[in-house]
Amino acid sequence: EAQVTQNPRYLITVTGKKLTVTCSQNMNHEYMSWYRQDPGLGLRQIYYSMNVEVTDKGDVPEGYKVSRKEKRNFPLILESPSPNQTSLYFCASSTGQGSPEAFFGQGTRLTVV
Amino acid sequence: DAKTTQPTSMDCAEGRAANLPCNHSTISGNEYVYWYRQIHSQGPQYIIHGLKNNETNEMASLIITEDRKSSTLILPHATLRDTAVYYCIVRVANSGGYQKVTFGTGTKLQVIP
């Protein structure tokens, strides 16, 4: 089954404790991206990647890092989480060449206390 | 990417057609109209997209006005499972490069029994 898998689905952590949210897709998609969703603000893009070792900032990259060492994986790293990073996070993938973000993960609800 | 305007919320009776409008008066000639939906807090789901001709798939129909300044997503027989937030997005497609999807706050469709 074609899918984008995020882990964990829920996470509560403390301020300053490094964490990684994993994202994996099984469709051999070139393009992957991360979004955060906050009430009243819709989905905002954090980072995206056009291929292995090619990443770029989205609209709200501050406080986040990403890596794309393999085509299928695109982890989101919070080196020093803060309470304002409490949010619902989505990973997405697409085939590229202008195609829509056709596949989203089920989301990771992060709470930073 | 062109900005879109959607009503904040709409109701639709179960079994009736749901017509969701979207204004995109500043759309450029090479920008497509895309629709996604998000059920509760799940990952957004791609529905349909089009350039200027009307489009139909197994999920919905997309009607784009002749001047392309607005469009309507039609769910022909709404069910309770269609209750979701619907996002209308315009962006360039098939450009050969990554095209970010910018989500607004969408229309909350409530299907009523």
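Structure shown above.
Now for a description of the structure that goes with this document. Residue positions are given per chain, counted from 1 along the sequence in the order it is written. Numbering of ligands from 1 and lettering of chains from A proceed in the order in which they are written. pLDDT decides what is reported in this predicted model: residues at 70 or higher carry local features, side-chain atom pairs at 80 or more are listed and counted, and totals for whole chains, interfaces and linings draw on all residues regardless. Based on all heavy atoms of the structure, the side-chain values leave hydrogens and waters out of the count.

Looking now at the overall build of chain B. Runs of H or I in DSSP of at least four residues are treated as helices and runs of E of at least two as strands, each being numbered from the N terminus. When helices and strands are tallied, chain B shows zero helices and nine strands. If you list the helices and strands of chain B from N to C, you get β-β-β-β-β-β-β-β-β. Using C-alpha atoms as the atom set, the radius of gyration is obtained and then compared with a globule rule of 2.2 Å times the number of residues to the power 0.38. Relative to a compact globule of 113 residues, whose C-alpha radius of gyration would be 13 Å, chain B shows 13 Å and is just as compact. Over its C-alpha atoms, taken along the principal directions, chain B stretches across nearly 45 × 30 × 25 Å. Summary of the burial criterion: residues with accessible area below 20% of their type's maximum are buried, those above 50% are exposed, and those between are partly exposed, where the area comes from a 1.4 Å probe applied to protein chains only. For chain B, buried positions account for 46% of its 113 residues. Residue pairs at least 24 apart in sequence account for 59% of intrachain contacts in chain B once pairs closer than 6 positions are excluded. Accessible areas in this description were obtained via Shrake-Rupley with a 1.4 Å probe; residue shielding takes into account the shown protein chains only. Total accessible area on chain B is roughly 5600 Å²; 48% of this is exposed by carbon and sulfur atoms. Residues scored as positive are Lys and Arg, those scored as negative are Asp and Glu, and His as well as the terminal groups of each chain are ignored. In plain terms, the charge of a residue is placed at NZ if it is Lys, CZ if Arg, CG if Asp and CD if Glu. Side chains of chain B carry 10 positive and 9 negative charges; the gap between the two charge centres is 4 Å. What makes two residues a contact is simply this: any of their non-hydrogen atoms within 4.5 Å.

Quick look at the sheet that holds strand β9 (residues 107-112) of chain B now. All names here are of chain B. Two strands qualify as a pair provided that DSSP identifies no fewer than 2 bridges between them. Pairing is mixed across the open sheet formed by five strands, whose spatial order is β1-β9-β8-β3-β4. Two strands bound the open sheet, and with one partner strand each, they are β1 (9-13) and β4 (45-50). Averaged over neighbouring strand pairs, the angle between their axes works out to 25° when direction is ignored. As defined by bridge partners, strand β8 (residues 84-92) adjoins β9 across three bridges and the pair is classed as antiparallel. Residue Ala-84 lies in a different strand from β9, and its bridge partner there is Leu-109. To obtain each axis, a line is fitted to C-alpha atoms, and for helices this fit is confined to the stretch in contact; angles are then taken between N-to-C directions over 0 to 180 degrees.

Attention now goes to the pairing of β4(B). Residues and elements named next belong to chain B. Taken together, the five bridges between strand β3 (residues 31-38) and β4 define a ladder with antiparallel strand orientation. Looking at the pairing, Tyr-34 lines up with His-49 of β4. Where β3 folds back on β4, the antiparallel hairpin that results is connected by six residues, among which His-40 adopts a positive phi of roughly 50°.

Right, let's talk about the side chain of A:Ser93 for a bit. With respect to the element layout, A:Ser93 can be found in strand β9 (residues 87-94). In protein, a polar contact means a hydrogen-donor-capable atom and an acceptor-capable atom, both N or O and within 3.5 Å, with residues adjacent in sequence counting only if both atoms are side-chain atoms; elsewhere, any N or O pair within 3.5 Å suffices. A polar contact of 2.7 Å, which involves the side chain of A:Ser93, links it to the side chain of A:His29.

This part covers the state of the cysteines. Residue and element names in this part refer to chain A. In plain terms, two cysteine sulfur atoms within 2.5 Å form what is called a disulfide here. Per the counting criterion, the structure on display carries two disulfides over all chains. Two residues, Cys-23 and Cys-91, share a disulfide whose sulfurs are 1.8 Å apart. Across the S-S bond linking Cys-23 and Cys-91, the dihedral sits near -75°, which makes this disulfide left-handed. With Cys-23 in strand β3 (residues 19-25) and Cys-91 in strand β9, this pair connects stretches of sequence that are 68 residues apart. Note on accessibility: Cys-23 and Cys-91 belong to one class, buried.

All names here are of chain A. Across the sheet, four strands lie side by side as β1-β3-β8-β7; this open sheet has antiparallel pairing. In this open sheet, the two edge strands, each paired with only one partner strand, are β1 (4-7) and β7 (65-66). Both β1 and β3 contribute to a ladder of four bridges, which runs antiparallel. Note that in β3 the partner of Val-4 across the bridge is Gln-25.

What follows is about the nonpolar core. Only buried Ala, Val, Leu, Ile, Met, Phe, Trp, Tyr and Cys residues count toward a nonpolar core, and they belong to the same one when joined by side-chain atoms within 4.5 Å. Among the nonpolar cores identified, the biggest contains 21 residues, and B:Leu20, B:Trp35, B:Leu73, B:Leu75, B:Tyr86 and B:Leu109 are the most heavily contacted of them. For this core, the secondary-structure elements that each account for two or more residues are β2 (18-23), β3, β4, β6 (61-64), β7 (70-75), β8 and β9 of chain B. With four residues, the single largest contributor to this core is β8(B). Residues A:Cys23, A:Tyr47, A:Val66 and A:Phe74 belong to the second largest nonpolar core, which totals 19 residues.

Here a patch means residues that are over 30% exposed by relative accessible area and free of salt bridges, tied together within 9 Å if like-charged and within 5 Å if nonpolar (Val, Leu, Ile, Met, Phe, Trp, Tyr). Definition used for salt bridges: Asp or Glu carboxyl oxygen within 4 Å of a side-chain nitrogen of Lys or Arg. Taken together, the side chains of A:Ile12, A:Val14 and A:Val113 make up a nonpolar region of the molecular surface, amounting to roughly 310 Å² of accessible area. Structurally, A:Val113 can be placed in the segment after β11 (108-112).

A few words now on the pattern of salt bridges. Under the criterion given, the structure shown has five salt bridges over all chains. Where A:Lys18 meets A:Glu79, a salt bridge forms, and the shortest distance between an N and an O atom there is 3.9 Å. Residue A:Lys18 is located in the loop between β2 (10-13) and β3, and its partner A:Glu79 is located in the loop between β8 (76-78) and β9; the two are separated by 61 residues in the primary sequence. Assessed through its relative accessible area of 36%, A:Glu79 is described here as partly exposed. B:Asp82 serves as the salt-bridge partner of B:Arg37, at 2.8 Å between the closest nitrogen and oxygen. Of this pair, B:Arg37 sits in strand β3 while B:Asp82 sits in the loop between β7 and β8; the two residues are 45 residues apart in sequence, bridging distant segments of the chain. One exposure class covers both B:Arg37 and B:Asp82, and it is buried. Linked by salt bridges that have partners in common, A:Lys18, A:Lys65 and A:Glu79 make up one network.

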